[in-house]
Amino acid sequence: MVLALLQNRIRNFLRELGELAEITGEAVASIRHRRPSWKDFIAQLHFVGVKSQSVVITTGAATGMVLCAQTYFQFHKVKMDTATGAVVSVGMSSELGPVLACLMLTARVGAAMAAELGTMKVTEQIDALRTLATHPVDYLVVPRLIACTVAAPLLTAEAVVVGITASWLVGVHLLGIDSAYYLANMNRYTSPEDILTGLIKSTLFGAAIAMVGCYKGLTCRGGAEGVGRATTEAVVSSSITILVANFFLTLFLTRLFKV
Amino acid sequence: MIEVRNVTKRFGTQEVLKGASLRIDRGEAVVIIGRSGGGKSVLLKHLVALLQPDSGQVLVDGQNLCALTERELLRVRRKFGMLFQGAALFDSLTVFENVAFVLERERTHTPAEIKRLVAEALEWVELPGIENKKPAELSGGMRKRVGLARAIVYRPEILLYDEPTTGLDPVAGANIDGLIRRVWEKLNVTSIAVTHDMPSARRISNRILMLRDGVIYADGPTNDILSSTDPVVNHFVNGIPSGKTTF
Ligand SMILES: Nc1ncnc2c1ncn2[C@@H]1O[C@H](COP(=O)(O)OP(=O)(O)OP(=O)(O)O)[C@@H](O)[C@H]1O
Ligand SMILES: [Mg+2]
């Protein structure tokens with residue numbers, strides 16, 4: 001009984017993974033062979049990139065500040081106050097920046113994509129699109145995929161910069177760390193690889209957010225309830241994807257940059 | 001020419017089509033009738049391969065739709081215009097963008113031409129000048145007519161109408177029937193409509209197919225079907241209760 005249920009779960013998971021791979025392949029093929037529409041891409045970029053800034057900036061600032069304060073409290077005990085900036089900047093640019101910014105992006109953008117495409121699906125608008133000789137992947141998925149892939153690293157960079165600035169304000173002006181040491185240690189211990197790691201991660205996360213959101217929307221069924229379910233599933237699946245992928249990307253990218 | 005051969009379709013345990021076969025030649029005007037929930041919309045969707053049959057074949061101009069990929073199907077679908085039962089307008093786009101959808105994506109017309117064609121199509125459905133409204137601002141009947149304009153504006157060869165007149169007042173309904181008739185006569189299309197409305201069926205068709213229990217039960221010229229002596233057909237077209245209802 002339990003085994004059968006588990007078997008079913010695993011089978012469903014693998015089937016969904018297969019379908020997701022298929023539609024991703026379709027999207028990549030579409031980008032390579034067809035001219036994506038600039039107008040749709042710009043509209044999506046505005047929605048994904050421009051309108052997500054307040055959320056991302058807030059997240060970046062809050063994370064930078066709290067990370068700085070907490071690191072300082074611990075480091076102060078062992079008289080390493082000035083290393084706080086280094087911890088914040090490495091942590092922000094390679095781990096917390098991409099993960100948190102993209103989690104926020106999932107909640108805002110991935111959910112909206114799943115809800116919009118899901119509603120289109122249950123009101124037969126996707127079918128209408130197909131009868132109007134337009135492939136849903138070309139018209140709906142491709143602009144969203146490109147917009148998310150472009151916007152995610154930019155938003156992450158923004159979150160990191162804001163976070164580090166906020167941490168400097170907290171560290172120097174609130175906690176009294178010497179600014180020169182704070183910045184010098186930060187520069188010394190943060191390598192370009194840390195920043196590159198964050199950007200590579202967030203690019204991949206951005207693509208994943210768009211693909212999972214679109215996939216859940218396009219395969220949605222069963223009225224308003226189905227749209228709700230698709231939205232929840234999109235957020236949960238993308239978030240887990242980001243967290244799991246982040247771990248393996250950290251291992252992989254550190255190896256890569258060492259050689 | 002459209003040919004459906006022994007198509008079966010089930011959703012879960014519910015068998016909707018049980019071996020339906022039909023053949024519609026170029027230039028015919030056909031109406032499909034049948035009970036509500038009987039699978040008429042499902043049958044119509046098979047003709048444009050929005051649904052794939054579990055078994056059987058659908059052929060359009062000799063091409064088996066079941067053997068084509070989604071991309072190859074797009075080219076076949078360009079021959080079709082379809083009015084959905086719920087209109088299915090894109091609600092993020094304006095009426096103009098909805099109606100102009102195919103024309104704008106094909107890039108074969110100049111913006112001025114597109115504007116003229118869209119205005120003309122909206123004129124046909126008696127909704128001139130609503131280009132800048134959003135679908136959410138329209139009534140159900142208006143949405144249906146915009147859906148109709150979207151289906152005919154790019155001059156497809158085959159038009160599928162899913163209940164074109166339901167939800168319209170009698171006058172608007174009769175006008176839409178007139179439009180469907182004119183489109184059929186003037187643009188030389190194949191016209192396939194689903195309807196429950198017998199006066200409308202009489203106006204827009206020269207042949208009627210009746211879907212019952214998942215198969216085509218009756219098939220003949222409009223007048224023959226409407227005056228049929230077959231009890232099942234007769235009861236349906238004259239709206240006689242099935243007699244099973246008890247209180
Ligand atoms: N996508 C679907 N998933 C599951 N069941 C479906 C689906 N589409 C249709 N059905 C079922 O198939 C049956 C036929 O539906 P269909 O929409 O074709 O009826 P219809 O003849 O068009 O009725 P009406 O005249 O009321 O529009 C219904 O019982 C419906 O529940
Ligand atoms: Mg129907």
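Just so we're clear, the structure is a prediction, and the values are computed from it rather than from any experiment.

Here is what the cut-offs are and how they apply
- Residues numbered from 1 in each chain as written.
- Chains lettered and ligands numbered in written order.
- Predicted model: local features only at pLDDT ≥ 70, side-chain atom pairs only at ≥ 80, totals over all residues.
- Heavy atoms only, no water.
- Helix = DSSP H or I, 4+ residues; strand = E, 2+ residues; numbered from the N terminus.
- Buried < 20%, exposed > 50% of the residue type's maximum accessible area, 1.4 Å probe, protein only.
- Contact = heavy atoms within 4.5 Å.
- Lys, Arg positive; Asp, Glu negative; His and termini not counted.
- Charge placed at Lys NZ, Arg CZ, Asp CG, Glu CD.
- Rg over C-alpha atoms; globule rule 2.2 N^0.38 Å.
- Areas by Shrake-Rupley, 256 points an atom, 1.4 Å probe, with all protein chains shown as cover.
- Pairing = 2+ DSSP bridges.
- Axes fitted to C-alpha atoms, helices over the stretch in contact; angles between N-to-C directions.
- Donors = N, O, S within 2.8 Å, 3.2 Å for Na, K, Ca; no water.
- Near = heavy atom within 4 Å.
- Polar contact = N/O pair within 3.5 Å; in protein donor to acceptor, adjacent residues only side chain to side chain.
- Buried area = accessible area lost by both parts, 1.4 Å probe.
- Salt bridge = Lys/Arg side-chain N within 4 Å of Asp/Glu carboxyl O.
- Nonpolar A, V, L, I, M, F, W, Y, C, P; charged D, E, K, R; others polar.
- Left-handed = near helix turned anticlockwise from the far one by under 90°.
- Phe/Tyr/Trp six-rings, centres within 6.5 Å; stacked < 30°, edge-to-face > 60°.
- Lys NZ or Arg CZ within 6 Å of the ring centre and 35° of its normal.

### Here we look at the overall build of chain A
- Across its full length, chain A holds 9 helices and 0 strands.
- When the elements of chain A are put in sequence order from the N terminus, they spell out α-α-α-α-α-α-α-α-α.
- If one aligns the C-alpha atoms of chain A with their principal axes, the spans along those axes are about 65 × 50 × 40 Å.
- Scored against the burial criterion, the 259 residues of chain A give a buried share of 45%.
- Within chain A, residue pairs in contact and separated by at least 24 positions form 85% of the contacts whose partners lie at least 6 positions apart.
- Side-chain charges of chain A comprise 21 positive and 17 negative groups, with the mean position of each set lying 3 Å from the other.

### A closer look at the overall build of chain B
- When you go through chain B residue by residue, the secondary structure sums to 10 helices and 10 strands.
- In terms of overall dimensions, chain B is globule-like: its C-alpha atoms have a radius of gyration of 18 Å, near the 18 Å expected for 247 residues.
- Dimensions of chain B, computed from C-alpha atoms along their principal axes, come out at roughly 55 × 45 × 35 Å.
- Counting all 247 residues of chain B, 53% fall into the buried class.
- For chain B, the share of sequence-separated contacts (at least 6 apart) that also reach a separation of at least 24 residues comes to 62%.
- Carbon and sulfur atoms make up 50% of the accessible area of chain B, which amounts to about 11,200 Å² in all.

### Structural notes on the sheet that holds strand β10 (residues 215–221) of chain B
Residues and elements named next belong to chain B.
- Strand order across the open sheet formed by 6 strands is β6-β7-β8-β3-β9-β10, with mixed pairing between neighbours. Two strands bound the open sheet, and with one partner strand each, they are β6 (80–83) and β10. Direction aside, the axes of adjacent strands within the sheet are offset by 15° on average.
- Both strand β9 (residues 207–212) and β10 contribute to a ladder of 6 bridges, which runs antiparallel. Along β10, the bridge assignment pairs I208 with G220.
- Helix α7 (residues 170–186) rests against β3 (29–34), β7 (158–162) and β8 (190–194) of the sheet, and its axis sits at about 165° to β7.

### Let's talk about the coordination of the magnesium ion (ligand 2)
- Ligation of the magnesium ion (ligand 2) by protein atoms is provided by S41 of chain B (OG) and Q85 of chain B (OE1), these donors lying 1.9 to 2.2 Å from the ion. Of the two residues, S41 of chain B is situated in helix α1 (residues 40–47) and Q85 of chain B in the loop between β6 and α3 (95–99); the sequence distance between them amounts to 44 residues.

### A short note on the site of ligand 1
Residue and element names in this part refer to chain B.
- The environment of ligand 1 is formed by 14 residues, the closest being Q14, S36, G37, S41 and Q85.
- A distance of 2.7 Å separates an oxygen atom of ligand 1 from a polar atom in the side chain of Q14.
- Within the backbone of V42, an N or O atom sits 2.9 Å from an oxygen atom of ligand 1.
- Isolated, ligand 1 exposes 630 Å² of accessible area, and the fraction of that covered by the protein chains is 63%.
- Breaking the shell around ligand 1 down by element, the ones donating at least two residues are β2 (14–24) and α1.
- In terms of residue count, α1 provides more of the shell around ligand 1 than any other element does, 3 residues in total.

### Points about the interface of chain A and chain B
- On the side of chain B, 24 residues touch chain A, which itself brings 19 residues to the contact.
- Taken over both partners, the interface formed by chain A and chain B buries close to 2,100 Å², and the fraction arising from carbon and sulfur atoms is 53%.
- Counting the surface chain A buries against chain B, the share from its top three residues, R130, T131 and L132 of chain A, is 32%.
- If you look at where chain A meets chain B, you find 4 salt bridges.
- Its salt-bridge partner being R71 of chain B, residue E26 of chain A comes within 3.1 Å of it at the nearest N-O pair.
- At the surface where chain A touches chain B, the tally comes to 6 residue pairs in polar contact (both at pLDDT 80 or more).
- Top element by residues in the side of chain A that touches chain B is helix α5 (residues 125–131) of chain A. It accounts for 6 residues.
- Split by residue class, the side of chain A that touches chain B holds 6 nonpolar, 6 polar and 7 charged.

### Remarks on the packing of helix α3 (residues 53–77) of chain A against helix α4 (residues 84–122) of chain A
All names here are of chain A.
- The interhelical angle for the contact between α3 and α4, taken along N-to-C directions, is 145°, at an axis separation of 9 Å. Regarding α3 and α4, the two cross each other, and that crossing is right-handed. Listed contacts from α4 to V55, V56, T59, G60, T63, G64, L67, C68, T71, Y72 and F75 of α3 are T84, V87, V88, M92, L96, L100, A101, M104 and R108.
- Its residues assigned to classes, the contact of α3 with α4 comprises 13 nonpolar, 6 polar and 1 charged.

### Considering the packing of aromatic side chains
- Under the counting rule described, the total for this entry stands at 5 aromatic pairs over all chains.
- Ring geometry for Y139 of chain A versus F101 of chain B: centroids 5.1 Å apart, planes at 80°, classification edge-to-face. Taken together, the residues Y139 of chain A in helix α6 (residues 136–174) and F101 of chain B in helix α4 (residues 101–106) connect one chain to another.
- Exposure remark for Y139 of chain A: the relative accessible area of 14% places this residue in the buried category.
- Classification of F101 of chain B by relative accessible area gives buried; the value is 4%.
- For the pair F247 of chain A and F248 of chain A, a centre-to-centre distance of 5.3 Å together with 75° between the ring planes defines the contact as edge-to-face.
- Pairwise contacts between aromatic rings join Y139 of chain A together with F90 and F101 of chain B into one cluster.
- Positioned above the aromatic ring of F47 of chain A is the side chain of R108 of chain A, whose terminal nitrogen or guanidinium carbon lies 4.8 Å from the ring centre.

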